[in-house]
Amino acid sequence: MTFTTPWLLLALIPVAALAIAYVLVQRRRQRYAVRFATLPMLDKLVPKRPRWRRHLPAALVLLGLGSLGVAAAQPQLDIRVPYERATVIVAIDTSGSMQADDVRPNRLEAAKSAAEQFVAEMPETFNVGAISFAGGAEVIAPATEDHEAVRDAIAALDDGGGGTAIGEAVLEAVDEVDRISADGAAAGPSPTPSAGDEAERVPARLVLLSDGANTAGRDPSAAAQAAREAGLPVSTIAYGTADGVADLWGGQQAVPVDETTLRQLADDTDGRFYRAESTDELRNVYQDIGSSIGWHVEPVDITPYLALLGLLLAVVAGAFSLRWSSRII
C-alpha cells in the first residue's frame, strides 16, 4: 500500500491517544470500584456485568476513526488488472537442429503444438502474429485478432534448413509491432496527451523459441537495442536438451542447446529467459508468459472505501451502544 499524502497519517496520533486514554480510564474505574466495595459485594450488586459488550462500541469507534485517518492520506493499492489490448509475436526456430528427437516427436513439432495452444489462450482483443526463422526470418502470420489464422500458420511450419538468424527474427518483430502501431494510429485520432505526458502505447511482447546460438543474419545485440528502443521486451525460450542429435549434412550431428545468446537477449530487452527440456515444461513456460503478458499492475485509490468503512463502523458502534446501554457511546 502507498499513500498520496502520507504526512496526513499524523491524524492517527490522536486516535492512538484516545485508545490509550480509554484503557487508562477503564483501569482507573476498576480500581475505584474495588476500593469502595469488596469483590463478594460487587458480585451481589452487579451479578451480570456486560464485560466485552461494554468495550465493543468504543473499539468500533476507534477502528472507524482509524479508517478515516488512513483514508485522509489517500491510500493506493497495486491491483493486477487485465490488458484490454496488446500485441504478441511468437517467433519459432525452424532450423535443421529443431529436428532433434530428444523431445518427442521432435523439437519443432513439440514447439509448434505448444505455440498453437499459447495463441489459442490469448485474449480475443490481442493482436497476435508469428515469425519463423532459420537462415533468415519471415513473418508467416501478420499480427491480427484472427488467432485461428495464426495457429494455422504455425501448424504449417516445416524444416527451414541451416542457420539460426535470431537477430533477424527480433528485427522482423520490431517492424511488425511498428506496423500495428501505425495502423492503430491511422484507424482513428490519437489520444491527446496532457502536459508532460505521452500518449499511451499498446504493450507488445516477443516470445522467441530457439535451441541454438545465432549463426546467420545481423547480430542479436543490435537487434536487442532496436527492440529496447521500440519498447518490445523479448521473452526467450531455450528448448531441448544437452543430448540432442539431428540428421544434418548427411549424418547424425550433436545439437546441444546453447542458451547464452537467448539469455543475453532477454536481459538486454527487459524480458525473461526460460529453459525447457520437455513438452510439459514448454507448455508451463508458455502459460507463465501468458499470465505476465495478459495482466499489468495498476494503482487503485481506495480512499472512498476506507472512508465508508469508518462511517459504517461508527454507525454500528452507535447502534450497539443504544441497544445495550440506551445512550450514544
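Above this text is the structure in question.
The model shown is predicted, which means the values in this text are computed figures rather than measured ones. (Residues numbered from 1 in each chain as written. Predicted model: local features only at pLDDT ≥ 70, side-chain atom pairs only at ≥ 80, totals over all residues. Heavy atoms only, no water.)

(A) View of the sheet that holds strand β10 (residues 273-276). Read across the sheet, six strands follow the order β5-β4-β3-β6-β7-β10 without closing on themselves; strand pairing throughout is mixed. One side of each edge strand has no neighbouring strand; the edge strands of this open sheet are β5 (137-144) and β10. For this sheet, the mean inter-axis angle between neighbouring strands, taken without regard to orientation, is 15°. Where strand β4 (residues 127-133) and β5 come together, five bridges link them in antiparallel fashion. Directly across from Val-128, in β5, lies its bridge partner Thr-144. Sheet strands in contact with helix α8 (residues 260-268) are β6 (204-210), β7 (234-239) and β10, and its direction is about 165° off that of β7. (Pairing = 2+ DSSP bridges. Helix = DSSP H or I, 4+ residues; strand = E, 2+ residues; numbered from the N terminus. Axes fitted to C-alpha atoms, helices over the stretch in contact; angles between N-to-C directions. Contact = heavy atoms within 4.5 Å.)

(B) Highlighting the pattern of salt bridges. Going through the model one piece at a time under the given rule, you end up with 11 salt bridges. Between Glu-168 and Arg-218 there is a salt bridge, with the nearest N and O atoms lying 2.9 Å from each other. Of this pair, Glu-168 sits in helix α6 (residues 166-187) while Arg-218 sits in the loop between β6 and α7 (220-229); the two residues are 50 residues apart in sequence, bridging distant segments of the chain. Judged by relative accessible area, which is 16%, Glu-168 ranks as buried. In the salt-bridge network here, residues are joined through shared partners; they are Glu-259, Arg-263, Arg-275 and Glu-277. (Salt bridge = Lys/Arg side-chain N within 4 Å of Asp/Glu carboxyl O. Buried < 20%, exposed > 50% of the residue type's maximum accessible area, 1.4 Å probe, protein only.)

(C) Representation of the environment of Glu-124 within the structure. Within the element layout of this structure, Glu-124 appears in the loop between α4 (107-120) and β4. Taking the relative accessible area as the measure of exposure, Glu-124 reaches 69% and is therefore exposed. When the C-alpha positions of Glu-124 and Asp-146 are compared, they lie 8.2 Å apart, and in sequence the two are 22 residues distant. Residues contacting Glu-124, with those up to four places away along its chain left out, are Glu-145 and His-147.

(D) Broad picture of the side chain of Ser-210. Mapped onto the elements, Ser-210 comes out in strand β6. Overall, Ser-210 belongs to the buried group, its relative accessible area being 0%. At 3.3 Å, the side chain of Ser-210 forms a polar contact with the backbone nitrogen of Gly-212. Those residues within four positions of Ser-210 in sequence are excluded, and the remaining contacts are Asp-93, Phe-133, Thr-164, Ile-166, Ile-237, Ala-238, Tyr-239 and Leu-262. (Polar contact = N/O pair within 3.5 Å; in protein donor to acceptor, adjacent residues only side chain to side chain.)

(E) Spotlight on the side chain of Ser-67. Its place among the elements puts Ser-67 in helix α3 (residues 52-72). What makes Ser-67 buried here is its relative accessible area of 10%. Not counting chain neighbours up to four residues away, the residues in contact with Ser-67 comprise Leu-306, Leu-309, Gly-310 and Leu-313.

(F) Geometry of a nonpolar patch on the surface. Taken together, the side chains of Leu-308, Leu-311, Leu-312 and Val-315 make up a nonpolar region of the molecular surface, amounting to roughly 380 Å² of accessible area. Locating Val-315 in the fold gives a position in helix α10 (residues 303-325). (Patch = residues over 30% accessible without salt bridge, like charges linked within 9 Å, V, L, I, M, F, W, Y side chains within 5 Å. Areas by Shrake-Rupley, 256 points an atom, 1.4 Å probe, with all protein chains shown as cover.)

(G) Highlighting the nonpolar core. Membership of the largest hydrophobic core comes to 33 residues, with the highest contact counts inside it found for Phe-118, Ile-237, Leu-282 and Tyr-286. Of all elements in the fold, only β3 (87-93), α4, β4, α5 (147-155), β6, β7, β10 and α9 (279-293) reach the threshold of two or more residues within this core. Among the elements that line this core, the one with the most residues is α4, at seven residues. Not counting residues within four places of it along the chain, the set of residues in contact with Leu-282 comprises Ala-110, Ala-111, Ala-114, Leu-209, Ile-237, Tyr-239 and Ala-276. (Core = buried A, V, L, I, M, F, W, Y, C linked by side-chain atoms within 4.5 Å.)

(H) Unusual backbone geometry, seen in detail. Here the amide bond leading from Arg-104 into Pro-105 is cis, since omega sits at -5°, within 30 degrees of zero. Along the chain, Pro-105 turns up in the loop between β3 and α4. With a phi close to 55°, Gln-74 is a non-glycine residue in the positive phi region. With respect to the secondary-structure elements, Gln-74 resides in the loop between α3 and β2 (75-82). For Gln-74, a relative accessible area of 33% puts it in the partly exposed group. At Asp-270, a residue that is not glycine, the phi angle is positive and equals roughly 65°. One can find Asp-270 in the loop between α8 and β10. We classify Asp-270 as exposed; its relative accessible area is 64%.

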